[in-house]
Amino acid sequence: MPLTVTARPYELLLEPTATALVVIDMQRDFLEPGGFGELLGNDVSLLGRTVEPVREVLAAARDAGMLVIHTREGHRSDLSDCPPTKLARGRLDLGIGSLGPKGRVLVRGEGGHDIVDELRPDVGEVVLDKPGKGSFYATDLEHVLRNARINSLIVTGVTTEVCVHTTVREANDRGFECLVLEDCVASYFPEFHRVALEMICAQGGIFGWVTHSSELLAALAGARIERRVVGASKGA
């Protein structure tokens, strides 16, 4: 049964069975003290605020039977999939592959590369490791979505202007509709966050739709109540 979700620039219709929740890079390296984000001089609490709303959306999506996909940015232990330009950028004393408080920075299998405990994937949920910013680049995300007959994505995660924005743009070019939950995405730079969201829904939704998680949760709750009413009437 389609959901009508209040959003900007206008309401969006979602079919839960054709919708996937994408949780982008909610990793210790980005969200927790001692991770790569903090080592770069950022206030990680700005990203930490997203954990609880994402947790609520994740629970609701699971209850609705949606496909759930988690992504993690990181590289092979030998860094053979990390371009030299990415390694060199920033002239960092402690960059990708360096040993930090949470293990080697952005290396698969290290503590910092893992998803925070509050959002740990359930058994059977898709976990995609990506070497780039976008979730489609050098991954099988598109194959997963096409095989599951998905046409709409609910997008959450970090950071708004980098991995989230890149993923939404990639999805848009591939014909997927994207709904970005403004309180479930975040940036180390609040102004970047605000402008990135405006860019997504500008010009009639050039890249997608933006809304607060409460609007999606309300639509899902309404659909759940309607299913119960219909089920009860059939059983009468």
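Structure: see above.
Overview of the structure. Everything numeric here is computed off the predicted structure, so don't read it as measured data. (Residues numbered from 1 in each chain as written. Predicted model: local features only at pLDDT ≥ 70, side-chain atom pairs only at ≥ 80, totals over all residues. Heavy atoms only, no water.)

1. What to know about helix α7 (residues 160-173)
The end-to-end C-alpha separation of α7 is 18 Å, in line with the 20 Å expected for 14 residues at 1.5 Å each. On its buried face, α7 sits against β3 (19-24), β4 (67-73), β7 (126-130), β8 (152-158), β9 (177-186) and α8 (190-205). Immediately downstream of α7, the backbone of G175 shows phi near 90°, a positive value. (Helix = DSSP H or I, 4+ residues; strand = E, 2+ residues; numbered from the N terminus. Expected span 1.5 Å × (residues − 1). Contact = heavy atoms within 4.5 Å.)

2. Examining the pairing of β7
Residues of β7 alternate between two faces, with V126, L128 and K130 buried on one and V127 and D129 left unburied on the opposite face. As paired strands, β4 and β7 are joined by five bridges and run parallel to one another. Bridge pairing in β7 places I69 opposite V126. (Buried < 20%, exposed > 50% of the residue type's maximum accessible area, 1.4 Å probe, protein only. Pairing = 2+ DSSP bridges.)

3. Looking at the pattern of salt bridges
Once their charged atoms are close, side chains differing in charge can pair, the charge on each being opposite to the other. Applying the stated criterion to the full structure yields 20 salt bridges. Here R55 ties to E52 by a salt bridge, and the two come within 2.6 Å at their closest N and O atoms. Placement of both R55 and E52 in helix α4 (residues 51-63) is noted, with a separation of three residues, approximately one turn of the helix. Judged by relative accessible area, R55 falls into the partly exposed class, the value being 36%. Its salt-bridge partner being E142, residue R174 comes within 3.0 Å of it at the nearest N-O pair. Residue R174 is located in the loop between α7 and β9, and its partner E142 is located in helix α6 (residues 141-147); the two are separated by 32 residues in the primary sequence. Judged by relative accessible area, R174 falls into the partly exposed class, the value being 31%. Judged by relative accessible area, E142 falls into the partly exposed class, the value being 28%. (Salt bridge = Lys/Arg side-chain N within 4 Å of Asp/Glu carboxyl O.)

4. Brief notes about unusual backbone geometry
Excluding glycine, residues mostly carry a negative phi; peptide bonds, for their part, are mostly trans. Residue R8 is joined to P9 through a cis peptide bond whose omega torsion reads 10°. For P9, the position within the fold is in the loop between β1 (3-5) and β2 (12-14). A cis amide bond links V158 to the next residue, T159, at an omega of -15°. One can find T159 in the loop between β8 and α7. Although it is not a glycine, D25 adopts a positive phi angle of roughly 55°.

5. What to know about the sheet that holds β8
Spatially, the six strands line up as an open sheet ordered β7-β4-β3-β8-β9-β10, and their pairing is parallel. Edge strands, defined here as strands with exactly one partner in the open sheet, are β7 and β10 (209-211). Neighbour to neighbour, the strand axes of the sheet diverge by 25° on average, direction disregarded. Seen against the sheet, α7 touches β3, β4, β7, β8 and β9 and runs at an angle of roughly 165° to β8. Contacts from α8 reach β9 and β10, with the element oriented near 165° to β9. (Axes fitted to C-alpha atoms, helices over the stretch in contact; angles between N-to-C directions.)

6. Brief notes about α4
When the terminal C-alpha atoms of α4 are compared, their 18 Å separation across 13 residues agrees well with the 18 Å that a helix rising 1.5 Å per residue should span. Every buried residue belonging to α4 is among V51, P53, V54, V57, L58, A60 and A61, and all of these are buried. Following α4 by one or two positions, G65 has its phi on the positive side, about 80°.

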